Amino acid sequence: MKIEVSANREELGKSAAKEAAGKINEAISKRGAASIILATGSSQFEVLHHLVNYPGVDWSRVTMFHLDEYVGITEEHPASFRKYLMERFVRKVPMLLTYHMIDGSRLEPMEECSRLNEMLSKHHVNVALLGIGENGHLAFNDPPADFETDDPYILVELDKKCRQQQVGEGWFNTLEEVPERAITMSIKQIMKSGHIICSVPDKRKAEAVRNCLEKPVSNIYPASILREHPDCSLFLDRDSASLLSAGTKKES
Ligand code: GLP
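### Concerning the overall build of the protein
Argument step 1. Scanning the protein for helices and strands turns up 8 helices and 10 strands.
Argument step 2. For 252 residues, the compact-globule estimate of 2.2 N^0.38 gives 18 Å, and the protein sits close to it at 17 Å.
Argument step 3. In terms of overall dimensions, the protein has C-alpha extents of about 50 × 45 × 35 Å along its principal axes.
Argument step 4. Residue burial in the protein is summarised as follows: out of 252 residues, 56% are buried.
Argument step 5. Of all intrachain contacts in the protein linking residues separated by at least 6 positions in sequence, the fraction that spans at least 24 positions is 79%.
Argument step 6. If the 31 positive side-chain charges of the protein are averaged to one point and the 37 negative ones to another, these points end up 5 Å apart.

### Some remarks on the state of the cysteines
Argument step 1. Enumeration according to the criterion identifies 0 disulfides in this entry.
Argument step 2. The thiol sulfur of Cys113 is not disulfide-bonded, and the nearest other cysteine sulfur, from Cys162, lies at 16 Å.
Argument step 3. Overall, the relative accessible area of 1% leaves Cys113 in the buried class.
Argument step 4. A disulfide-free cysteine, Cys232 has its sulfur positioned 6.2 Å from the sulfur of Cys198, the nearest such atom.

### So, unusual backbone geometry
Argument step 1. Cis geometry is found at the peptide bond from Pro143 to Pro144, where omega equals -10 degrees.
Argument step 2. Its location among the elements puts Pro144 in the loop between β6 (127-130) and β7 (153-157).

### Overview of the packing of aromatic side chains
Argument step 1. Enumeration according to the criterion identifies 8 aromatic pairs in this entry.
Argument step 2. The positively charged end of Arg88 is found above the aromatic ring belonging to Tyr84, 5.2 Å away from the centroid.

### With respect to the pattern of salt bridges
Argument step 1. As enumerated under the stated definition, the model contains 18 salt bridges in all.
Argument step 2. Between Asp202 and Arg9 there is a salt bridge whose closest N-O contact spans 3.1 Å. Taken together, the residues Asp202 in the loop between β9 (195-200) and α7 (206-214) and Arg9 in helix α1 (residues 9-31) connect sequence positions 193 residues apart.
Argument step 3. The closest approach of N and O atoms between Arg204 and Asp202, which form a salt bridge, is 3.2 Å.
Argument step 4. Assessed through its relative accessible area of 32%, Arg204 is described here as partly exposed.
Argument step 5. Connected via shared salt-bridge partners are Arg9, Glu46, Glu134, Glu169, Asp202 and Arg204.

### Considerations on the environment of Ala241
Argument step 1. Its location among the elements puts Ala241 in the loop between β10 (232-237) and α8 (246-251).
Argument step 2. In this structure the C-alpha to C-alpha distance between Ala241 and His137, which are 104 residues apart in sequence, comes to 17 Å.
Argument step 3. Setting aside residues no more than four positions away along its own chain, Ala241 makes contact with Val5, Leu236 and Lys249.

### Examining the site of the ligand
Argument step 1. Around the ligand, the surrounding shell holds 16 residues, and the nearest of these are Ser43, Asp68, His137, Gln165 and Lys205.
Argument step 2. One of the side-chain N or O atoms of Glu169 is found 2.9 Å from an oxygen atom in the ligand.
Argument step 3. Computed on the free molecule, the ligand has an accessible area of 380 Å², of which 100% lies beneath the protein chains in the complex.
Argument step 4. Taking a 2 Å distance to the grid points as the criterion, the majority of the atoms of the ligand fall inside the largest cavity.

### Concerning the packing of α1 against helix α2 (residues 45-52)
Argument step 1. It is at 7 Å that the axes of α1 and α2 come closest, and there the two elements cross at 50 degrees. On the basis of their axis angle, the class for α1 and α2 is oblique. For the element pair α1 and α2, the recorded crossing hand is right-handed. Where α1 approaches α2, its residues Arg9, Glu10, Leu12, Gly13, Lys14, Ala16, Ala17, Ala20, Ala21 and Ile24 are matched on the opposing element by Phe45, Glu46, Val47, His50 and Leu51.

Quick notes on the rules
- Residues numbered from 1 in each chain as written.
- Predicted model: local features only at pLDDT ≥ 70, side-chain atom pairs only at ≥ 80, totals over all residues.
- Heavy atoms only, no water.
- Helix = DSSP H or I, 4+ residues; strand = E, 2+ residues; numbered from the N terminus.
- Rg over C-alpha atoms; globule rule 2.2 N^0.38 Å.
- Buried < 20%, exposed > 50% of the residue type's maximum accessible area, 1.4 Å probe, protein only.
- Contact = heavy atoms within 4.5 Å.
- Lys, Arg positive; Asp, Glu negative; His and termini not counted.
- Charge placed at Lys NZ, Arg CZ, Asp CG, Glu CD.
- Disulfide = S-S within 2.5 Å.
- Phe/Tyr/Trp six-rings, centres within 6.5 Å; stacked < 30°, edge-to-face > 60°.
- Lys NZ or Arg CZ within 6 Å of the ring centre and 35° of its normal.
- Salt bridge = Lys/Arg side-chain N within 4 Å of Asp/Glu carboxyl O.
- Near = heavy atom within 4 Å.
- Polar contact = N/O pair within 3.5 Å; in protein donor to acceptor, adjacent residues only side chain to side chain.
- Areas by Shrake-Rupley, 256 points an atom, 1.4 Å probe, with all protein chains shown as cover.
- 1 Å grid on protein atoms, 1.4 Å probe; cavity = no way out; pocket = protein on both sides within 12 Å on 5 of 7 lines; lining within 4 Å.
- Sits in = over half its atoms within 2 Å of the grid points.
- Axes fitted to C-alpha atoms, helices over the stretch in contact; angles between N-to-C directions.
- Parallel < 35°, antiparallel > 145°, perpendicular 65-115°, else oblique.
- Left-handed = near helix turned anticlockwise from the far one by under 90°.

Pasting the structure below:
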């Protein structure tokens, strides 16, 4: 795993976006097209801002898949990840070939998983942009995460720490308002991505980052699985890297 520690979240965003644009362009020159996965959350603000403004990406050859979404909120809800991706990505790259959002407001979430699984089965994902939650989750795979399922999209229960983070970031007013279920891309499916770019700024992520890099690879620390990916880059800032041991920092 490549680890890069930037001075702040703005610099982190620039570096992660540059790498993402390079990997997308590489896939387009090799295969004529690229498929990407986009995460949401505050960790992706700067990354997406710089990516959509990065010169020279032929978005007309790019297909976007959506990483995770709450069950039971509409696209108009301020915390909706569809709304987030429409505003911060899709509308900023009007040439985009196509995108596949998760509709978490469907009455039967399992039917939505089946629809998405069918859609994704036709693609090999070249680049996945991810974040890590305060509880160490990858997408909405909270601990203990399912490391075994082969289903690409799954229905999950959200744990309290994950739901509390959403209130802390201001997406919801109270814990009760945060949905208890979500549709998420599974760990095995995320790990099939050709290249993974994981962006994790902020002090409040320092413990999750330390667990990801310094604890045994385990579903108790879902993001630790990234260490087993052959081509993963982890972008940190000084705050999120602040609890790492000198040895781990030296490897970066
Ligand atoms: C969020 C989203 C993910 C994101 C991760 C980290 O809640 N479900 O798409 O990758 O958890 O989010 P944040 O960047 O807000 O910490």
